[in-house]
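Coordinate inspection notes
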Amino acid sequence: MESFDYYEILEVSQTSDKETIKKAYRKMALKYHPDRNPDDKEAEEMFKKINEAYEVLSDESKRQIYDKYGKKGLENNGFSGFSGKDFGDIFGDLGSIFESAFGSGFGFGSPRKQESKVKFMPDYLYKLDLTFREAIFGCKKNIKTKYKAFCKDCDGTGAKDGKLQTCSHCQGKGQTFMRQGFMTFAQTCSKCNGEGHIAKDKCTSCHAEGFVFVEEEFEINVPEGVDDENRIRIIGKGNQQKNGSRGDLYILTYVESDDYFVRDGIDVYIEVPVFFTSIPLGTSVKIPSLKGELELRIPQNSEDGSRFVFKGEGIKEVNKNNYGNLIAIIKIMYPKSITEEQRELLLELHNSFGYESEPHKNLFEECFDRIKGWLKPETKTKGKARKK
Ligand SMILES: [Zn+2]
Ligand SMILES: [Zn+2]
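Residues numbered from 1 in each chain as written. Chains lettered and ligands numbered in written order. Predicted model: local features only at pLDDT ≥ 70, side-chain atom pairs only at ≥ 80, totals over all residues. Heavy atoms only, no water.

Further remarks concern the environment of Leu164. When you line up the elements, Leu164 lands in strand β3 (residues 164–166). The class of Leu164 is partly exposed, set by a relative accessible area of 34%. The spacing of Leu164 and Ala199 is 35 residues in sequence and 4.6 Å in space, taken between C-alpha atoms. When neighbours within four sequence positions are excluded, Leu164 is seen to be in contact with Thr157, Ala159, His197, Ile198, Ala199 and Lys200. (Helix = DSSP H or I, 4+ residues; strand = E, 2+ residues; numbered from the N terminus. Buried < 20%, exposed > 50% of the residue type's maximum accessible area, 1.4 Å probe, protein only. Contact = heavy atoms within 4.5 Å.)

Here's what the structure looks like:
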């Protein structure tokens, strides 16, 4: 191990705290990162040193050993310089700084981990259409789907017999470099998609995808009360991983709307049209409910838009023993046109109320007088307007 001081190289002191050390490391790493200094041996050396320093100083126990016994102490504990350990989180951050400044596509690649590169996610989504009724009451549904499984013939590599060769375009680095002014940016190699290697020959079983689709059909239980855009997790029905285990399938529900009922969570609304003559009389109407019918009593003189709540007549909360409400909203309907006869009847009815049928007159009589008073010149109206 070459002799250099970990604190010195990161330009921090022995008493610096973790956060300060991290900041210093980030600063230095940005400066000496090989992506920004291609073909610069000195920068590369420096980069290795600061990484070695950070690997020790960011680890509480290693730092203690270093403080007490120096590098000798670390060597005795099996530490032998920079291990090439993945500081993925930090590089991830650095990457995003560059991405936000220059748009994605550029940035530092985290140290590559080709072996564990996953070509597809273990979980996948399946869209399921449900009628209003199916969603409210639950149902059984037949699911016909295709999941991804690692191609056994190429071990998921997409290469015939799993044979890979170094990508000539990026010399296996997985990245190509682009100069822009005084800076150099790394870009994921377009030929190997950043993997650093490509198939010698394509696997014919999976058309070089690394996975094959497997058809599957099974029945699922849609629980009572599911709503639009709910996710139902079906454990073990997802894509198949290399080790044979399967991820989960997520059923995303799309629920049709209903012509009469409007759903809001576990509550359900229904609009009840009521003819205007029923309003002063009060009435009782049969309305549909989710389970059949209900009797809605509309008291005399209810207003348009009045709400009547039927507790527990709504939708069941998924996997809970709780029901929402059904809410009836009345909508007063007026005749679109009237016959001469109806006109006379209405007039007769109107007049039969006498004094009460002209509430506006009674209310505004005094008001009109007052306003007239305001508009007249003050001198002339003084006595009259102020009469009490
Ligand atoms: Zn490449
Ligand atoms: Zn294959």
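Our focus in this paragraph is the sheet that holds strand β11 (residues 267–275). Read from one edge to the other, the open sheet built from four strands follows the order β10-β11-β15-β14, with strand pairing classed as mixed. One side of each edge strand has no neighbouring strand; the edge strands of this open sheet are β10 (261–264) and β14 (307–310). If you compare each strand with its neighbour and ignore which way they point, the axes differ by 30° on average. (Pairing = 2+ DSSP bridges. Axes fitted to C-alpha atoms, helices over the stretch in contact; angles between N-to-C directions.)

The next thing to look at is the coordination of the zinc ion (ligand 1). Protein coordination of the zinc ion (ligand 1) is provided by Cys167 (SG), Cys170 (SG), Cys189 (SG) and Cys192 (SG), with donor distances spanning 2.2 to 2.3 Å. Relative to the metal, the four donor atoms surrounding the zinc ion (ligand 1) lie at angles of 103 to 114°, and the coordination shape comes out tetrahedral. Mapped onto the polypeptide sequence, the residues donating to the zinc ion (ligand 1) form the spacing pattern C-x2-C-x18-C-x2-C. Of the two residues, Cys167 sits in the loop between β3 and β4 (175–180) while Cys192 sits in the loop between β5 (183–188) and β6 (197–199), which places them 25 residues apart along the sequence. Across this residue pair, the class does not change: Cys167 and Cys192 are buried. (Donors = N, O, S within 2.8 Å, 3.2 Å for Na, K, Ca; no water. Tetrahedral: all angles 85-135°; square planar, octahedral: opposite > 155°, others 65-115°.)

Take the coordination of the zinc ion (ligand 2) next. Coordination sphere of the zinc ion (ligand 2), protein contribution only: Cys151 (SG), Cys154 (SG), Cys203 (SG) and Cys206 (SG), at 2.2 to 2.3 Å. One can describe the site at the zinc ion (ligand 2) as tetrahedral: its four donor atoms subtend angles covering 104 to 113° at the metal. The exposure class assigned to Cys154 is buried, which follows from its relative accessible area of 1%. For Cys203, a relative accessible area of 5% translates into the label buried.

Here the structure, examined in full by the defined rule, presents 13 salt bridges. Linking Asp155 and Lys242 is a salt bridge whose minimum nitrogen-to-oxygen distance equals 3.6 Å. With a gap of 87 residues between them, Asp155 in the loop between β2 (139–150) and β3 and Lys242 in the loop between β8 (231–234) and β9 (249–255) connect regions that are remote in the sequence. The salt bridge involving Lys237 is made with Glu216; its shortest N-O contact spans 3.2 Å. Linking Lys237 in the loop between β8 and β9 with Glu216 in strand β7 (residues 211–222), this pair joins segments that are 21 residues apart in sequence. Here the salt bridges do not stand alone but share partners, grouping Lys41, Glu44 and Lys48 into one network. (Salt bridge = Lys/Arg side-chain N within 4 Å of Asp/Glu carboxyl O.)

Through backbone hydrogen bonds, the strands of a sheet pair up, either in parallel or in antiparallel fashion. Here we have three strands laid out as an open sheet, ordered β1-β9-β8, and mixed in their pairing. The outermost strands of the open sheet, each flanked by one partner alone, are β1 (124–130) and β8. Pairwise comparison of adjacent strand axes, ignoring direction, gives a mean angle of 30° for this sheet.

A word on helix α4 (residues 60–76). The end-to-end C-alpha distance of α4 is 17 Å, clearly below the 24 Å that 17 residues give at a rise of 1.5 Å each. Tyr69 marks the point of greatest bend in α4, at about 130°. Among all positions in α4, only Arg63, Tyr66, Gly70, Lys71, Gly73 and Leu74 are buried. Its buried side turned inward, α4 meets α1 (6–9), α2 (18–32) and α3 (41–57). (Expected span 1.5 Å × (residues − 1). Bend = angle between axes of the 7 residues up to and from the residue.)

Everything listed here is a matter of geometry and, on its own, says nothing about what the molecule does.
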